[in-house]
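Geometric and topological summary
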Amino acid sequence: MPPPPGSFGGHAEGPSIWQKSTLTSCFILSPGHNVNFLFVVFYQRMGAIMGGGVGLTIGFIFGSWSIIRGGAGPRGALSTLSQYMLSSAATFSFFLAIGSVIRSDAMPAHLQAAQLQLASSVQTHARAEGLQIMRAAWEAERRKLASKKQ
C-alpha cells in the first residue's frame, strides 16, 4: 500500500509534471475569455502527442518487420526504419489530433460549472433570506400598483 500524500517530510505534494504541462492548470475562467478555443488547442495538442507516440511504435514494429523480411534496401536499415517511423507518426498524429478535437467539442463539466459561477451575477441566499427578499419585492410591487390606481 503506498504511503499517504504528504508523509515525506510533512510537506504536501504539489501538482505533477503532467498537471503543470496541461492547460487546465492555467485557465483564467472569466466571462471575457474564449475558453472553448483554449480547450480545442489543448485537445488537439494532446491528440497529436498521443498519435505521435502510437505512430512511432507502429512504425517501429512494421519497419522492423519490413527490414527483417525484405532487407534494408539501398539506403540502409536506419534510414528505412526512420522513414517508416516518421511517416507513421505523422499520419497517426494528424488523425488523432483531428479526432480528439471532434470527440471533445466542449469544455469539461467541472470547468463549465466554475465558469458559470464566476459569470453569474445572481447572489445565492439562504431559503429564509430569499423568501424575505421575495416578499419585500412583492410588497413594493403592490404599493407601486396601488399608487398607480389612485
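Predicted model, so just to flag it, every value in this text is computed and none were measured.

A closer look at the overall build of the protein
Check the secondary structure of the protein and you find 5 helices and 0 strands. Across the protein, helices and strands are ordered from the amino to the carboxyl terminus as α-α-α-α-α. When each of the 150 residues of the protein is scored for burial, the buried share is 17%. Accessible surface, the protein as shown: approximately 11,800 Å² in total, 65% of it carbon and sulfur.

Quick notes on the UniProt feature "transmembrane region" (unreviewed entry) in the protein
Feature annotation in UniProt places "transmembrane region" (unreviewed entry) on residues 48–68 and 80–102, given in this structure's numbering. The span residues 80–102 carries 100% helix and 0% strand; its end-to-end C-alpha distance comes to 33 Å.

As for the pattern of salt bridges
Tallied over the entire structure, the rule returns 2 salt bridges. Across the pair arginine 143 and glutamate 139 runs a salt bridge whose closest N-O atoms are separated by 3.9 Å. Residue arginine 143 and its partner glutamate 139 are located together in helix α5 (residues 127–149), separated by 4 residues, close to a single helical turn. Counted as one network, the salt bridges with shared partners bring together Glu139, Arg142 and Arg143.

Considerations on the side chain of serine 93
Position of serine 93 among the secondary structure elements: in helix α3 (residues 77–103). Among the residues examined, serine 93 registers a relative accessible area of 18% and is labelled buried. Residues within four places of serine 93 in sequence aside, it is in contact with Gly47, Ala48, Gly51 and Gly52.

A look at α3
In this model α3 runs 38 Å from its N-terminal to its C-terminal C-alpha over 27 residues, within 8% of the 39 Å that 1.5 Å per residue would give. Taken as a whole, α3 has its buried residues at Thr80, Leu81, Ser88, Ala89, Ser93, Ala97 and Ser100.

Structural notes on the side chain of serine 88
By the secondary structure assignment, serine 88 is in helix α3. The buried category is assigned to serine 88, whose relative accessible area is 12%. Once residues lying within four places of it in the same chain are set aside, the contact partners of serine 88 are Gly55, Ile58 and Gly59.

What to know about a nonpolar patch on the surface
On the surface, Met50, Val54, Phe92, Phe94, Phe95, Leu96, Ile98 and Ile102 cluster together to form a nonpolar patch covering roughly 760 Å² of accessible area. Those elements that provide at least two residues to the nonpolar patch are α2 (35–70) and α3. Summarising the element assignment, isoleucine 102 is placed in helix α3. On the basis of relative accessibility, which here comes to 62%, the residue isoleucine 102 falls in the exposed class.

Side note on the confidence of the model for the protein
Interpretation of the predicted coordinates at a detailed level should be avoided for regions scoring low in pLDDT. Summing up the model confidence of the protein, the mean pLDDT is 78 and the portion of residues at 70 or higher is 68%. Predicted confidence in the protein is weakest over helix α1 (residues 17–21), with a mean pLDDT of 57, and strongest over α3, with 91.

The rules we used
Per chain, the residues get numbers from 1 upward, laid out in the order the sequence is written. Given that the model is predicted, a residue must reach a pLDDT of at least 70 before its local features are reported, and side-chain atom pairs must reach 80 or more before they are shown or counted; all residues, however, enter totals for whole chains, interfaces and linings. Computation of side-chain values: all heavy atoms of the structure, hydrogens and water removed. Helix numbers and strand numbers start at the N terminus; a helix is a DSSP run of H or I with at least 4 residues, a strand a run of E with at least 2. Each residue gets one of three labels from its accessible area relative to the maximum for its type: buried under 20%, exposed over 50%, partly exposed in between, using a 1.4 Å probe on protein chains only. In this description, accessible areas are obtained by the Shrake-Rupley approach with a 1.4 Å probe, and a residue is regarded as covered only by the protein chains that are shown. UniProt positions are given in the numbering used here, feature names are shortened, and annotations may be inferred rather than shown by experiment. Salt bridges are defined as contacts in which a side-chain nitrogen from Lys or Arg sits within 4 Å of a carboxyl oxygen from Asp or Glu. Only heavy atoms enter the contact rule, under which two residues are in contact if any of them lie within 4.5 Å. An expected span of 1.5 Å times one less than the residue number is assigned to each helix. In this analysis, a patch consists of residues with relative accessible area above 30% that form no salt bridge, clustered at 9 Å for like charges and at 5 Å for the nonpolar side chains Val, Leu, Ile, Met, Phe, Trp and Tyr. pLDDT is a residue-level measure of predictor confidence that goes from 0 to 100.

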